[in-house]
Amino acid sequence: MPLELRCSMQTYIKICDFYARHIRKKQFFRGNRCILCDVLKKVERRVGVYIVFTSETVGLLIFGKVEGILIIPLEKWKFVHKLRWKKGCGMLNRKIDSYLKDYYQKSSNALLITGARQVGKTYSIREFGKTFKSFIEINFVENPDVVGLFKDAKGSADILMRLSTITNVPKIKGDTLIFFDEVQECPDIVTAIKFLVDEGSYRYILSGSLRGVELKDIRSVPVGYMGVKEMFPLDFEEFIACVGINENVISTLKDAWTKRIPVDGFIHNKMMELFRLYLIVGGMPAAVSKYLESNNLQDVLAVQQEIIQLYKKDIAKSDPDNKLYIEEIFNLIPPELNAKNKRFILKRLNENAKYERYENSFLWLKHAGVAIPVYNVEEPKVPLLLSRSRNLLKLFLSDIGLLAAQYANGIQMRIIKGDKDINFGSIYENVVAQELVAHGLEPYYYNSKKRGELDFVIEHGGRILPIEVKSGKDYTYHRALSNIMDCDEYDIQESLVLNNDNLSVDGRITYVPVYMVMFLDKGAAAPIEYKVDLGGLSNGGV
C-alpha cells in the first residue's frame, strides 16, 4: 500500500536537485525546466526509493500510483508522472482520524463533530468517508434550500426518500457514510438522526461550525443515538509529527515523562526549538499547512489574520444589534494576558461593568471555540467545580498562533530566538490552557491573598494537580506552590512546574520541560465496581 507523499514545493526542488547532481545527465533539464514537471511518459516500473533530508520530512513512496511525486530507482529515471499537489489539511495527520475509525467500529450510533471554524472538521470527515464504498455529503450552508427538505419528516423512510431527491450518489446498505455538514443551520436533521440510526441501513456523521450558541441546545440530543466529539486546533504532539518528528522520538519523550527521567540533551534542545516555532505557527490546519509548504512565517501570519477576520465576521453576524460585547472582549484578550496578573478585568470594558451583563458574551466565545475561560477556585479541593468563582477568570485564545498573530509585527523571529524582552509568561500559559482543554482536562486557577496564585489547578487521577508555568531561569522559586504543597489540609501528592529546562524531580515537585504538557491528558476512566451487600436484608433481618 503506498504511503502519501508529504513535502513542500521547496522540498520538491531539492528532490529535482538531488536527481540532477547524482544522475548528472544534461537531458534532465530542458533549459531551466525540470522534466519531472512535464507529462511525457508513463512509468515503466513503479518502485519507490528512499530520499531523506535533514531539514524536513519527505514521504516515502513504495508502490503504485499516489498523489504527489512518484519516485523510482535512479537507473529507471526515464519517466514522468503527472503531479497533483495536495493543499490545505491534506498534509496533516490528526488524532481525530484514529478516533473516527475506532468509534465507528465499536458503535452503531451517529457522531456529531463540533469545534471552532477552520479546525479541520470537514476535511477529516471527508478523509474518513473514503473508507466507505459510498460517501454522501450534504452542506446546509452551501445548499440552504435543502434545510426545508427535512422539516416535518414522518420517519426514516420519509427522510431517506427526501435525501434521494438531492443526490445521485448510490446508497449501499452497510457501507455508506452520510455526512450532514453545518447542522446548526438545520436542527431538524439532528432531531431526526435517532430515526435514521434506528433504521440501521447506513452510517451517519454530522458537523457544525459553532458560531456561539447555535448548537448549545442540540449537543445533548438525541440521547442514546448520537455521540459528540469536539475538535480543536492541532496540539503540540500533532504539530511535531507533521513537521517530521517520528514516532520513536515521541515514544522516547513519553517514556521520559512516565519514568520522570531527563531527556537526551540534543533532543531536548530540538524540542524547545520546535515548541517556540509552535508558539508562532500554532495549530490551525491552514496555518500549519502554509508553514509546511513555504516555511515562510509571513505567509503563515497572513493565513492567521484571515482566520481572525473570519471570526470577527461571525461575531458581527451574531451581534448585529450590539446586545452583546463579544468583539470588545475578543480584542482585549491579548492585552489582558499581557497584564501582570493575566486576569480579565471587566473595568477595561466599562468602568461600571458587572459580570452578569457580559456573561453571555463570554459564553459565546467559549461555545464558538474561540476562547478558553479559566475560572478561579477558592480552594484546591476535589471537585474543583464546587469552589469555582463565576466572575473571576482568565481568558485565553483557543490557538496560540492566533494570539501571536495579534501582537506586534516582527515578533515571530524574536519569539523563536527566545528574546528575553518578550513576556513569555502569557504565551506559555495560553499554550498550556490550550493543551489541557484539547486533552479533555478542565483547567482552573487558584488565587489567595494569604498563599498566592497558582497558574493552573486540574483534577487528575482523582486528585488535585497544581501546575506552575515558568518561562524564566528562576523557575525553582514558586512561593504560592510551596505554600500549597506545605498545607496538610489539601494533601497535594504531586505538582508540576513547566519550564524551559530538562526534567528533574525535587520531592513532590516535578520540573518538566514545557513541551511535555502534550502528555498530560485525562486518560481512560478505570472501571469502578461496587456492590452493596444485601445479605442481611434478603434473609428478612432488619
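Nothing here was measured: the structure is a model prediction, and the numbers come from that model.

Trainee: Where do I start with the overall build of the protein in this structure?
Mentor: Helices and strands together make up the secondary structure of the protein, namely 17 helices and 15 strands. Looking at the protein residue by residue over its 542 residues, the buried ones come to 50%. Taking the contacts inside the protein whose residues are at least 6 apart along the sequence as the reference set, 70% of them involve residues at least 24 apart. Counting only carbon and sulfur atoms, one obtains 50% of the accessible surface of the protein, whose full area is about 27,400 Å².

Trainee: How should I be thinking about the sheet that holds strand S12 (residues 463–469) in this particular structure?
Mentor: Sheets are built from strands paired through backbone hydrogen bonds, the pairs being either parallel or antiparallel. Strand order in this open sheet of eight strands is S9-S8-S10-S11-S12-S13-S15-S14, and the pairing throughout is mixed. The open sheet has two edge strands, strand S9 (388–397) and strand S14 (504–506), and neither has a second partner. Taking the axes of each pair of neighbouring strands and ignoring which way they run, one obtains an average angle of 30° across the sheet. Across four bridges, strand S10 (residues 444–448) lies against strand S11 (residues 452–460) in antiparallel orientation. In the strand pairing of S11, Asn-447 is matched with Glu-453. Each of strand S8 (371–377), S9, S11, S12 and strand S13 (495–499) is contacted by helix H15 (residues 424–438), which is oriented at about 15° to S11, the strand it contacts most.

Trainee: Even after reading the chapter, I still don't get a nonpolar patch on the surface, so can you show me in this structure?
Mentor: Together, Tyr-530, Val-532, Leu-534 and Leu-537 give the surface a local cluster of nonpolar side chains, amounting to about 500 Å² of exposed area. Relative to the helices and strands, Val-532 resides in the loop between strand S15 (509–513) and helix H17 (535–538).

Trainee: Would you mind showing me how to read the pattern of salt bridges here?
Mentor: Close approach of charged atoms allows side chains of opposite charge to pair. Tallying each qualifying case throughout the model produces 18 salt bridges. Across the pair Lys-381 and Glu-379 runs a salt bridge whose closest N-O atoms are separated by 4.0 Å. Residues Asp-491 and Arg-463 are paired through a salt bridge, measuring 3.4 Å at the closest nitrogen-oxygen approach. On the criterion of sequence distance, the pair formed by Asp-491 in the loop between helix H16 (479–485) and S13 and Arg-463 in strand S12 is long-range, its members being 28 residues apart. Overall, Asp-491 belongs to the partly exposed group, its relative accessible area being 42%. Taking relative accessible area as the criterion, Arg-463 reaches 41% and is therefore assigned partly exposed.

Cut-offs and rules
Residues numbered from 1 in each chain as written. Predicted model: local features only at pLDDT ≥ 70, side-chain atom pairs only at ≥ 80, totals over all residues. Heavy atoms only, no water. Helix = DSSP H or I, 4+ residues; strand = E, 2+ residues; numbered from the N terminus. Buried < 20%, exposed > 50% of the residue type's maximum accessible area, 1.4 Å probe, protein only. Contact = heavy atoms within 4.5 Å. Areas by Shrake-Rupley, 256 points an atom, 1.4 Å probe, with all protein chains shown as cover. Pairing = 2+ DSSP bridges. Axes fitted to C-alpha atoms, helices over the stretch in contact; angles between N-to-C directions. Patch = residues over 30% accessible without salt bridge, like charges linked within 9 Å, V, L, I, M, F, W, Y side chains within 5 Å. Salt bridge = Lys/Arg side-chain N within 4 Å of Asp/Glu carboxyl O.

This is a description of form; function is not addressed.
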